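What the coordinates show
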Amino acid sequence: SSGINAEWPLRPGEVEKGVFTPLVFSTTGGMGTEAERFYKRIAEKTAWRTGQKYHETIGYIRKRLRFDLLKTTIIALRGYRGRPSNQPEIAAMDLNLIPEG
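Notes on the structure in this doc start here. (Residues numbered from 1 in each chain as written. Predicted model: local features only at pLDDT ≥ 70, side-chain atom pairs only at ≥ 80, totals over all residues. Heavy atoms only, no water.)

1. Topic: helix 4 (residues 54-78)
The end-to-end C-alpha distance of helix 4, which contains 25 residues, comes to 36 Å, matching closely the 36 Å that a straight helix rising 1.5 Å per residue would cover. Those residues of helix 4 not exposed but buried are Thr57, Ile58 and Ile61. A positive phi of about 90° marks Gly79, the residue just after helix 4. (Helix = DSSP H or I, 4+ residues; strand = E, 2+ residues; numbered from the N terminus. Expected span 1.5 Å × (residues − 1). Buried < 20%, exposed > 50% of the residue type's maximum accessible area, 1.4 Å probe, protein only.)

Structure follows, in structure tokens:
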């Protein structure tokens, strides 16, 4: 491999002390091997912590992530159509990042 893909796996492990797992999905509902491993690991941990059955937990997680991905895709394509937020603009906020004199 060349380019960014050859360098990318090094950064999370060396700089952020973490692991980068690309989640690859097909448009027909299929998942890449890393995505499948991710789902299984999250379901195992969640089922163990909550005392729920594994098959119910993985079903819920799959359903929840599918709807979240769908919602994100729709927002990316059409834009957010909800109520405008009452939050002030970032430029108008004082974040105290630069100490004063």
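2. Notes on the environment of Ile58
Among the secondary structure elements, Ile58 is positioned in helix 4. The exposure class of Ile58 is buried, given its relative accessible area of 7%. Put simply, Ile58 and Glu44 are 14 residues apart on the chain and 8.0 Å apart in space, counted from C-alpha to C-alpha. Not counting residues within four places of it along the chain, the set of residues in contact with Ile58 comprises Tyr39, Lys40 and Ala43. (Contact = heavy atoms within 4.5 Å.)

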